[in-house]
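So the chains spell out like this:
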Amino acid sequence: KAGRQRMLSQRMAKAWLALVHQTETRLAQATLDKSMALFDRQLVELKAFAPTPEIRATYNTLETAWSDYKTTLVGNAPAKSGAGAVLKADANVLALAHQGTVQYEAVHGKPVGKLVNVAGRQRMLSQRMAKFGYALALQQDATTALGEIDKARAEFLAAMDLLHRAPEVTSRIRDELALADGQWLFFDLALQRVRTGSSEQAKPLSDLYVTSENLLSVMDRVTGYCAALSA
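The following refers to the structure shown. (Residues numbered from 1 in each chain as written. Predicted model: local features only at pLDDT ≥ 70, side-chain atom pairs only at ≥ 80, totals over all residues. Heavy atoms only, no water.)

Some words on the overall build of the chain
Line of reasoning, step 1. The number of helices and strands found in the chain is eight helices and zero strands.
Line of reasoning, step 2. Mapped from its N terminus to its C terminus, the chain presents α and β elements in the order α-α-α-α-α-α-α-α.
Line of reasoning, step 3. On C-alpha atoms alone, the chain measures out to a radius of gyration of 17 Å, which is about the 17 Å that the 2.2 N^0.38 rule sets for 231 residues.
Line of reasoning, step 4. Seen along its three principal axes, the alpha-carbon backbone of the chain occupies a region of about 50 × 40 × 30 Å.
Line of reasoning, step 5. By sequence separation, contacts in the chain at least 24 residues apart represent 77% of the contacts at least 6 residues apart.
Line of reasoning, step 6. Taken as a whole, the chain presents about 10,600 Å² of accessible surface, with 55% of it coming from carbon and sulfur.
Line of reasoning, step 7. When the 28 basic and 23 acidic side-chain charges of the chain are each reduced to a single mean position, those positions are 2 Å apart. (Helix = DSSP H or I, 4+ residues; strand = E, 2+ residues; numbered from the N terminus. Rg over C-alpha atoms; globule rule 2.2 N^0.38 Å. Contact = heavy atoms within 4.5 Å. Areas by Shrake-Rupley, 256 points an atom, 1.4 Å probe, with all protein chains shown as cover. Lys, Arg positive; Asp, Glu negative; His and termini not counted. Charge placed at Lys NZ, Arg CZ, Asp CG, Glu CD.)

Here it is, written out as structure tokens:
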């Protein structure tokens with residue numbers, strides 16, 4: 001759940017930017033609404049469960065950052081003029097959600113905790129790449145967006161390699177990782193088409209949304225199976 005908050009911070013921004021583009025609008029609005037509700041619910045649970053004062057302090061700070069982020073998401077109708085504020089607010093929430101995840105991993109103290117963190121971070125990276133793809137298509141700080149896409153892409157591929165080679169991985173997880181590899185190909189193709197600025201942007205932007213959701217779905221299952229290893 002701590003790791004999922006990282007993903008949700010990026011997924012909400014992705015959905016909001018998709019609405020600016022009027023891409024997959026029904027799906028994007030549903031994604032935004034459900035993700036905000038889930039983030040709220042999990043934040044309450046993570047604060048209540050916090051086993052140390054340090055972790056509790058992180059989630060108190062995250063609560064404040066989340067309040068600011070929520071205001072940028074729902075304060076006004078999605079428009080290019082608000083994109084900068086959304087990207088700034090989601091970065092603050094992501095940083096604190098990541099801090100909380102690392103703190104929980106340290107308390108967990110088992111080798112498989114790192115595996116759960118790595119697999120869970122893949123969910124976030126899939127949404128982060130898509131988010132910056134939409135920011136790029138808006139010409140919202142294009143240099144930064146390109147750099148962040150490249151960085152997240154390299155991190156994603158390195159982590160997939162680590163997961164494939166992890167000795168704790170079961171045959172069931174390997175099967176899911178094989179599915180993730182296939183979904184990655186579709187997602188990466190859509191991302192590259194958005195990067196090249198195709199004259200027919202509507203389809204690449206739609207493909208980017210759908211493939212990012214498909215990749216997320218598989219990596220969410222992988223994360224769940226990795227978490228079950230420590231049960």
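Still more to cover.
Thoughts on the packing of helix H6 (residues 142-165) against helix H7 (residues 171-195)
Line of reasoning, step 1. The N-to-C vectors of H6 and H7 enclose an angle of 165°; their axes lie 12 Å apart at closest approach. Our classification of the angle between H6 and H7 gives roughly antiparallel. In the crossing of H6 with H7, the sense of the turn from one axis to the other is left-handed. Residue-level inspection shows Leu146, Ile149, Asp150, Arg153, Phe156, Leu157, Met160, Leu163 and His164 of H6 in contact with H7, the latter providing Arg174, Leu177, Ala178, Ala180, Asp181, Trp184, Asp188, Leu191, Gln192 and Arg195.
Line of reasoning, step 2. When its residues are assigned to classes, the contact of H6 with H7 shows 11 nonpolar, two polar and six charged. (Axes fitted to C-alpha atoms, helices over the stretch in contact; angles between N-to-C directions. Parallel < 35°, antiparallel > 145°, perpendicular 65-115°, else oblique. Left-handed = near helix turned anticlockwise from the far one by under 90°. Nonpolar A, V, L, I, M, F, W, Y, C, P; charged D, E, K, R; others polar.)

From the geometry alone we can't say anything about function, so treat these as descriptive.
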